[in-house]
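Chain residues, written in single-letter form:
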Amino acid sequence: MLFEVLASQAVEGAAKSVEQSAGLMKKTINDLFDWLINKSGSLFVALLFIAIGLKVVRIIIKIIQRSFERSKMDHSVSGFLLSILQALGYILVFITAATIVGFEVTSFVTILGTASLAVGLALQGALSNLAGGVLILLLKPFQVGDYIVEDNKKNEGNVISIDIFYTRLRTPDNKLVVIPNGTLAGSSLMNLTDEIKRRVEVKISISYSSDLNMVKQAVYEILEKNTRILKDEPQDVFIDSFDESGMTLGIRGWVKTEEYWKATWELREQVKLTFDEKGIEIPYNRLEVDLLNKE
């Protein structure tokens, strides 16, 4: 008997819950239907505004894209900026449409701003690299194919790609170096291939007893015979310093940038061979010990 009573109460409770849910759903649908009827005019205007607004945004983006193409902006930068502008345009269109319907967008904008600030703080390093990549692609302190040396970690190599977040270098011994763009944009670096020519400088020691005029004449002949040295550029042979065991001779000439290292190696080898041939001494540190006979 007790079981039947409990079962009956459970069935009645379930029936009441279903009835209440059905009533709530019916009321929600009726309220939504009434709202749609009351806002039908505003909804039509909002939908029309969205259709026209999206087309206007696309037209504006195409105009900006043509201006970027005329200015020969890097494709990575132009694509990134166009994506940002298009997203902002779409957001503005939908927020305006929501205002037309009657939604309060102030709280939404506040939440969106707070969320943007939180995301910005969480991704501070990534945003720094992003801003650095945009600056590099816009200002072009270096381009793909240039040989650079960054002063922060002394990494160097040929630039093989400039992405939005990272720049990739290939070292002379074929290693890949990935550097954050924020580091490159926030510190100094050397671009060794930005100009078409570079100055070669070789330093070598000679003895104090050497005939300086004869030495300089021999070096000038080396510079004249070397085919990599640009003959219409200045050539200098000079005493760079006076050291303990000899004088340091400085040799300077100009070469094409791509021939810098080969010219440097050739000059060193030719100077050594010429000095050996002419008997010009290259000094080195020596220790002389005199033994005195006390007998």
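Residues numbered from 1 in each chain as written. Predicted model: local features only at pLDDT ≥ 70, side-chain atom pairs only at ≥ 80, totals over all residues. Heavy atoms only, no water.

Caption draft 1: Focus on the sheet that holds strand β5 (residues 189-191). Spatially, the 5 strands line up as an open sheet ordered β4-β3-β2-β1-β5, and their pairing is antiparallel. Each end of this open sheet is capped by a strand with a single partner; those strands are β4 (176-180) and β5. Ignoring strand direction, the axes of neighbouring strands in this sheet form an average angle of 40°. Of the strand pairs in this sheet, strand β2 (residues 156-162) and strand β3 (residues 166-170) are connected by 4 bridges, and their pairing is antiparallel. Along β3, the bridge assignment pairs Asn158 with Arg170. (Pairing = 2+ DSSP bridges. Helix = DSSP H or I, 4+ residues; strand = E, 2+ residues; numbered from the N terminus. Axes fitted to C-alpha atoms, helices over the stretch in contact; angles between N-to-C directions.)

Caption draft 2: Broad picture of a nonpolar patch on the surface. Nonpolar side chains collect at one region of the surface, where Phe44, Val45, Leu48, Phe49, Ile52, Val56, Ile60 and Ile100 lie side by side and expose about 690 Å² of accessible area between them. A per-element tally of the nonpolar patch places helix α2 (residues 40-70) first, with 7 residues. (Patch = residues over 30% accessible without salt bridge, like charges linked within 9 Å, V, L, I, M, F, W, Y side chains within 5 Å. Areas by Shrake-Rupley, 256 points an atom, 1.4 Å probe, with all protein chains shown as cover. Salt bridge = Lys/Arg side-chain N within 4 Å of Asp/Glu carboxyl O.)

Caption draft 3: Summary view of a positive patch on the surface. Together, Lys55, Arg58, Lys62, Arg66 and Arg70 line one region of the surface with positive charge. By the secondary structure assignment, Arg58 is in helix α2. (Lys, Arg positive; Asp, Glu negative; His and termini not counted. Charge placed at Lys NZ, Arg CZ, Asp CG, Glu CD.)

Caption draft 4: Expanded view of the pattern of salt bridges. For the structure on display, the rule yields 11 salt bridges. Asp163 is the salt-bridge partner of Arg168, the closest N and O atoms lying 2.3 Å from each other. The class for Asp163 is partly exposed, based on a relative accessible area of 32%. Lys203 is the partner of Glu201 in a salt bridge, and the nearest nitrogen-oxygen pair spans 3.9 Å. Taking relative accessible area as the criterion, Glu201 reaches 25% and is therefore assigned partly exposed. Lys203 sits in the partly exposed class, given a relative accessible area of 48%. Because the salt bridges share partners, they merge into one network encompassing Arg199, Glu201, Lys203, Asp240 and Arg252. (Buried < 20%, exposed > 50% of the residue type's maximum accessible area, 1.4 Å probe, protein only.)

Caption draft 5: Broad picture of the environment of Pro234. Residue placement: Pro234 occurs in the loop between α7 (212-225) and β7 (236-242). Separated by 18 residues in sequence, Pro234 and Arg252 place their C-alpha atoms 8.1 Å apart. Residues within four places of Pro234 in sequence aside, it is in contact with Arg252, Gly253 and Trp254. (Contact = heavy atoms within 4.5 Å.)

Caption draft 6: Seen up close, unusual backbone geometry. Of note, Lys140 is a non-glycine position whose phi angle comes to about 55°, a positive value. Examined against the element boundaries, Lys140 turns out to sit in the loop between α5 (124-139) and β1 (147-150). Even without a glycine there, the phi angle at Lys154 is positive, about 60°.

Caption draft 7: Inspection of the environment of Lys278 at higher detail. Here Lys278 lies in helix α8 (residues 260-278). Under the relative-accessibility criterion, Lys278 is labelled partly exposed at 41%. For the pair formed by Lys278 and Met214, sequence separation is 64 residues and the distance between their alpha carbons is 9.4 Å. Each residue touching Lys278, except ones within four places of it in the same chain, is listed here: Met214 and Ala218.

Caption draft 8: Spatial organisation of the sheet that holds strand β6 (residues 197-206). Here we have 3 strands laid out as an open sheet, ordered β6-β8-β7, and antiparallel in their pairing. Edge positions in the sheet fall to β6 and β7, since each has one partner strand and no second. Neighbour to neighbour, the strand axes of the sheet diverge by 30° on average, direction disregarded. Inspection of the sheet shows β7 paired to strand β8 (residues 247-256) by 6 bridges, in the antiparallel sense. Bridge pairing in β8 places Val237 opposite Ile251. In this fold α7 packs onto β6, β7 and β8, with an angle of close to 135° to the strand it touches most, β7. Sheet contacts for α8: β6 and β8; angle to β6, the most-contacted strand, approximately 25°.

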